[in-house]
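# Topology and contacts: notes
One-letter residues, chain by chain:
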Amino acid sequence: MLTSGVAVFMACVAFVANDFISLKQQEVRKLSILADIIGHNTVSAITFGDTKSASDDLSALSSDNHIDAACIYKVDGTIFAKYQNKNDPKSHRVLIPPLGEEGYHFEGAHLHLFRSILLDREEIGRVYLQFNTDG
């Protein structure tokens, strides 16, 4: 009986661990797609230096309460446009990081993702998204 109980417990632990890993991978995929969409929609704004248009595109992120911050960088690392969640009382404390390498990392309860914006296979900028993984 003890052996069966331990085996069932270990199986449950394995299922929970698998669900946790799958959830993280799903959030990374979701955020990557969102960053690709933002990048695609802001190519012309970056090309023509239209910061208002890029800011308007980022403001659409207000519909997702899990996005704490977003930013579009130019290739030289300067901030072209940014967004901070106004619905979150902690949003004034969210710091936009300096331009980072393409990729993602988890830090505390946040997923940070950098994604390149390409025009004719040449990088013209980079999108940054900060996703709050807390419910």
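Our subject is the structure listed above.
### A closer look at the overall build of the chain
Counting its regular elements, the chain contains 2 helices and 5 strands. Reading the chain from its N end, one meets helices and strands in the order α-α-β-β-β-β-β. Computed over C-alpha atoms, the radius of gyration of the chain comes to 19 Å, more than 25% over the 14 Å expected from 2.2 N^0.38 for 135 residues, which places it beyond the range of a compact globule. Each principal axis of the C-alpha atoms in the chain carries an extent, and together these give about 70 × 35 × 25 Å. Taken over 135 residues, the chain has a buried fraction of 35%. The long-range fraction of contacts in the chain, counting pairs at least 24 apart against all pairs at least 6 apart in sequence, stands at 53%. About 8600 Å² of surface is accessible on the chain, with carbon and sulfur atoms providing 58% of the total. For the chain, the distance from the average position of its 12 positive side-chain charges to the average position of its 17 negative side-chain charges is 3 Å.

### Topic: the sheet that holds strand β3 (residues 103-107)
Reading across the sheet, the 5 strands line up as β2-β1-β5-β4-β3 and stay open at both edges, with antiparallel pairing between neighbours. Edge positions in the open sheet fall to β2 (79-84) and β3, since each of these has one partner strand only. Within the sheet, the average angular offset between the axes of one strand and its neighbour, ignoring direction, is 15 degrees. Note that strand β1 (residues 67-74) and β2 share 5 bridges and pair antiparallel. For C71, the partnering residue across the bridge sits in β2 and is K82.

### Describing the side chain of N85
Take N85: it is sitting in the loop between β2 and β3. On the basis of relative accessible area, N85 is assigned to the buried category, the value being 1%. Within the structure, N85 has its side chain in polar contact with the backbone oxygen of I67 (distance 3.4 Å).

### A closer look at a nonpolar patch on the surface
On the surface, L2, V6, F9, M10 and V13 cluster together into a nonpolar patch covering about 520 Å² of accessible area. Mapped onto the fold, F9 is located in helix α1 (residues 2-48).

### Focus on the packing of aromatic side chains
Scanning all chains against the criterion turns up 3 aromatic pairs. Seen from their ring centres, Y104 and F106 are 6.3 Å apart, and the 85 degrees between their planes marks the pair as edge-to-face. Given the relative accessible area of 49%, Y104 is considered partly exposed. With a centroid separation of 4.8 Å and 40 degrees between ring planes, the pair formed by F114 and Y128 is classed as tilted. Of this pair, F114 sits in strand β4 (residues 110-119) while Y128 sits in strand β5 (residues 122-132); the two residues are 14 residues apart in sequence, bridging distant segments of the chain. Each member of the pair, F114 as well as Y128, carries the same accessibility label: buried. Site record: aromatic cluster; members linked through ring pairs are Y73, F114 and Y128.

The rules behind these values
- Residues numbered from 1 in each chain as written.
- Predicted model: local features only at pLDDT ≥ 70, side-chain atom pairs only at ≥ 80, totals over all residues.
- Heavy atoms only, no water.
- Helix = DSSP H or I, 4+ residues; strand = E, 2+ residues; numbered from the N terminus.
- Rg over C-alpha atoms; globule rule 2.2 N^0.38 Å.
- Buried < 20%, exposed > 50% of the residue type's maximum accessible area, 1.4 Å probe, protein only.
- Contact = heavy atoms within 4.5 Å.
- Areas by Shrake-Rupley, 256 points an atom, 1.4 Å probe, with all protein chains shown as cover.
- Lys, Arg positive; Asp, Glu negative; His and termini not counted.
- Charge placed at Lys NZ, Arg CZ, Asp CG, Glu CD.
- Pairing = 2+ DSSP bridges.
- Axes fitted to C-alpha atoms, helices over the stretch in contact; angles between N-to-C directions.
- Polar contact = N/O pair within 3.5 Å; in protein donor to acceptor, adjacent residues only side chain to side chain.
- Patch = residues over 30% accessible without salt bridge, like charges linked within 9 Å, V, L, I, M, F, W, Y side chains within 5 Å.
- Salt bridge = Lys/Arg side-chain N within 4 Å of Asp/Glu carboxyl O.
- Phe/Tyr/Trp six-rings, centres within 6.5 Å; stacked < 30°, edge-to-face > 60°.

As far as function goes, none of this settles anything; it's purely spatial.
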